[in-house]
Amino acid sequence: MPDRISVPLSNLNGVSWGLTRRGEPVTFGFPLPEAAARSTSEISVDGPAGPVPVQARALDLWPDGSIRWALIDTRFDTANGRAEGYSARVGDTAVPSPDLGLRVVVSADGIRIATGIATFDIRVGGAFPLSDVAVGDARTIDGTASGLFVEHEGRQHRGLVTGVTVREQGPLRADIDVSGTIGAQLPLDVFARVEVFAQTATVRLAVTLRNHRRAEHVGGQWPLGDPGSVLLTSARLVFALAHSIDRVRCAPEPGAAGADVALPFAIHQESSGADVWDGPIHRNRDGRVPLRYRGYELREAGRRTVGRRASPVVVADSGGREISVAIPQFWENFPQAIALTSSALSIDWWPAVGDVHELQGGEQKTHRAVIAFAPDTVSSPPLAWVHDPLSVYPAPDWCCGSGVVPFLVPEAVGSDIGYLSIVRGGLDPEHGFLAKRELADEYGWRNFGDLHADHESAFQPPGQRVVSHYNNQYDAVAAFALHFLRTGDSRWWRLCDDLARHVTDIDIYRTTEDKSAYNGGLFWHTNHYTDAGTATHRTYPRGGKEGGGPSAEHNYNAGLMLHYFMTGDRQSRDAAIGLGRWVILMEDGRLTPLRRLASGSTGLASATGSMTYHGPGRAAANSILACLVALRLTGDSEYLAMAETLIQRCVHPDENLEALNLLDVERRWYYTVFLQAVGVYLQFKEERDDRDAMFSYAQASLLHYARWMSVHERPYLSRPDVLEFPNETWPAQDMRKADVFGWAALHAEGAERQAFIERAAFFFRYSVETLQAAPGRFHCRPLVLMLSNGWRYAWLTSRTGDLAPPPSAPQLSAPVRPAFVPQKVRAMRRVKWIAAVAAVVITALAAVAALR
């Protein structure tokens, strides 16, 4: 173990407030190379004046048991919004963090957290999520009148705590999970993450409301107004104060000074404030846009002030004590409001407006807020750092060199200017992903974070666009995370973080009441070349040509895993595991109505394009990758068994590839997606030194297909006559072929390895050069495809003359496997057999009756 590894930490935040901040809390994921550290006690952070307080824990381990990803909590002092002179240390010289007096006491009825400044009580049966708060010896809130309140059909329901769990406890931060109930007749689950910090009275809340009821989705269509939805008039978090409010100040926008306002007071963000603030993306269940005005309004007694985009900080003096509140991404997640009366502070996550708030069946939303129950010592105005948080990361050389993402290299290594010019288009101020948000007004509590699928408007009349949501196709979350790690550009991180939070809330069908093929699944992007209408992010709008629901062909969770490693956000971890579990459940024939007719696997995890095709395709590919992610996060071997079952089901080392008709592009292009997944599987096994018979099987299958591809594969656009829509997506998909040949080169040797490298180079160059000349190169789908694929090529070109010999494996023995028959086909065969037997019996009985 090294005595010391020192890694400078880089600063990512903007400087919109221009503040001097002291002791700002920072939490970040820290990648470590194998065997660099054996326990989190060996990690510390140095500042300009020496070691600073730190707590750390392992999120992910290398196969040898050393830490691969650590979560670090620390505090930085900043000048003009920048942190200078900080570095992380790993090794025997790490300095233990001092005891700052943070205490968590668990009792039979709940938890008490004492920070040294304040005490927070969370009691079972008490107000959700905080039952009481005291600063020093003085009670700050009246817990009997505080809590989460939801209004539904004219009745108000109050949230109560049902369970409390300590998730993390250290010298700097305590992280608590709180479960609750709200309204016995409502199909709502409520839970919260409560974070408190040593030597402060500040609490960070993330409160989730989930409608666990299924949608009815009649005809396979998923519009708003479905009977499974719940319609809420409002949802707000109320803190009834122990003392009346004497004074209120509000800084509505970044850089604005806090000004006195009169009670009663409210600042309300109605819409995004953009030019298209009332666009069709905001249609409700009736097909109308209910937004009433552009931007926000600040209301106080007898006065109204308006503006476009609020990021407010509100400060109240109550009984000689200061209480401040800020909501991260306030205007982006409209409608939201902060309101005060003389006796209460209200955080209105869903304020009462001109319409109800529809939470669809299986949909959830996580709302966030930061409240300081004593003067904020970090910044002035208080809590201004919430809207411009300090964010740090290790340098790209360190992140890539750690090997936590195999084959990832810094952008400067093996750089291909053409490839970089395309992927940097994702950040282009006129055509990039952030610009697309503005174009479609992809804002509001349900929309924010998703990508506008502008490629779906390609066949509309000039000047017309459809509303189309991307829903993480091709794992844009992972793509953004990878390019952040290799560049350190905070814009990639912003896209990653926003999309990951959107996916975990809106795009996953969070119910157990529907069919097993749907429960817990990820919704597709909006149906191709169709306006989303009132279907929001649920694929199939009313009146569309097709209907259906979540399926294995659209299942992406690697990005959520990376987001968890980089933030410690358990919602991302749980969502990633859940999508792996979905694969297991959709394959379980015991959970379907056909279980009495046929047992065994359904085939739903491997059927691509139709239920009759179970060869290499994207359904099986995504299922394999989802299982490998869940395996890494849980260690449960059930996921590895499923991944290997799917590989054996879909490919064979001696398969007759001509019989698969792989050159039928529209119906078989996705076989390359499967081969990429096989490459990831082989890397996964090799990393664990698990070169068993299944490794040999997968390796031989990959090489078998690559040899066929080297002879037969051509660029897709070389045959435009066989394509339904010969557009810019196809050369972007050609990048997958370069990736497959790169994987194959790692497992070949000699002249064959060189031939695969040359084929990888051909398809890489073709993809880049063709897309550079395409008018639609900035469209969402080709950009995500290029971000998701092609980045390994830089590693390959930088190592071409120094590749390791192919990994050895046991001699292959792969008998010809029987063709897979899905449960439905077996069930129908049995129905026919039963019908035939019944016909014979009826005929025989009729004959006997006739003889009588």
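Everything discussed here concerns the structure shown above.
Cut-offs used in this document
Sequence positions are assigned chain by chain, starting from 1 and proceeding in written order. Where totals are concerned, whole chains, interfaces and linings use all residues; where local detail is concerned, this predicted model gives features only for residues with pLDDT of at least 70, and gives and counts side-chain atom pairs only at 80 or more. Here the side-chain values reflect all heavy atoms present in the structure, with hydrogen atoms and water set aside. Take the buried residues of types Ala, Val, Leu, Ile, Met, Phe, Trp, Tyr and Cys, join any two whose side-chain atoms come within 4.5 Å, and each joined set is a nonpolar core. Partly exposed describes any residue whose relative accessible area lies between the buried limit of under 20% and the exposed limit of over 50%, with all areas from a 1.4 Å probe on protein chains only and scaled to the type maximum. Numbering of helices and strands runs from the N terminus, with a helix taken as a DSSP run of H or I at least four residues long and a strand as a DSSP run of E at least two residues long. In this description, contact between two residues means that some pair of their heavy atoms is separated by no more than 4.5 Å. When a carboxyl oxygen of Asp or Glu lies within 4 Å of a side-chain nitrogen of Lys or Arg, that pair is called a salt bridge. Each patch is built from residues lacking any salt bridge and having more than 30% relative accessible area; the joining distance is 9 Å for like charges and 5 Å for nonpolar side chains (Val, Leu, Ile, Met, Phe, Trp, Tyr). Here, Shrake-Rupley sampling with a 1.4 Å probe gives the accessible areas, and only protein chains in the shown set may cover a residue. In this analysis, strands are considered paired if DSSP registers two or more bridges between them. Helix axes use the C-alpha atoms of the stretch in contact, all axes being lines fitted to C-alpha atoms, and the angles between their N-to-C directions lie in the range 0 to 180 degrees.

Colleague: Now, about the nonpolar core: what can you tell me, with residues and values included?
Modeller: Counting 135 residues, the largest nonpolar core has Tyr 419, Phe 433, Leu 451, Phe 480, Phe 674 and Met 786 as its most contacted members. Here this core takes eleven residues from helix 8 (residues 618–634), the largest share from any one element. Once residues within four sequence positions are removed from consideration, Leu 451 is found in contact with Phe 433, Glu 442, Ser 468, His 469, Tyr 470, Ala 476, Phe 480, Leu 499, Cys 780 and Val 784. By size, the runner-up hydrophobic cluster in this structure holds 67 residues, among which are Val 161, Val 190, Ala 235 and Ala 316.

Colleague: Describe the pattern of salt bridges, listing the residues and the values that go with them.
Modeller: Opposite charge on two side chains allows them to pair when their charged atoms are near. Overall, the coordinates contain 58 salt bridges when judged by the stated rule. Here Arg 123 and Asp 132 are joined by a salt bridge, their closest N and O atoms 2.7 Å apart. In this structure Arg 123 comes out as partly exposed when scored by relative accessible area, which is 31%. Judged by its relative accessible area of 12%, Asp 132 falls in the buried class.

Colleague: Kindly report on a nonpolar patch on the surface, identifying the contributing residues and their values.
Modeller: A surface patch of nonpolar side chains, about 480 Å² in accessible area, is lined by Trp 833, Ile 834, Val 837, Val 841 and Leu 845. Here Trp 833 shows up in helix 17 (residues 823–851). Overall, Trp 833 belongs to the exposed group, its relative accessible area being 55%.

Colleague: Could you give me a rundown of the side chain of Ser 788, with the residues and numbers involved?
Modeller: Here Ser 788 lies in helix 15 (residues 780–788). According to the relative accessible area criterion, Ser 788 is buried, its value standing at 15%. Aside from chain neighbours lying at most four places away, what touches Ser 788 is Tyr 474, Asp 475 and Ala 479.

Colleague: Got a sec to walk through the sheet that holds strand 6 (residues 67–78)? Specific residues and values, please.
Modeller: Reading across from one edge, 2-6-5 is the order of the three strands in this open sheet, with antiparallel pairing throughout. Each edge of the open sheet carries a strand with a single partner, namely strand 2 (21–31) and strand 5 (54–61). Strand after strand, the sheet turns through a mean of 20° between neighbouring axes, direction not considered. Here strand 2 runs beside strand 6; their pairing, made up of nine bridges, is antiparallel. In the sheet register, Phe 28 faces strand 6, and the bridge partner there is Ile 72.

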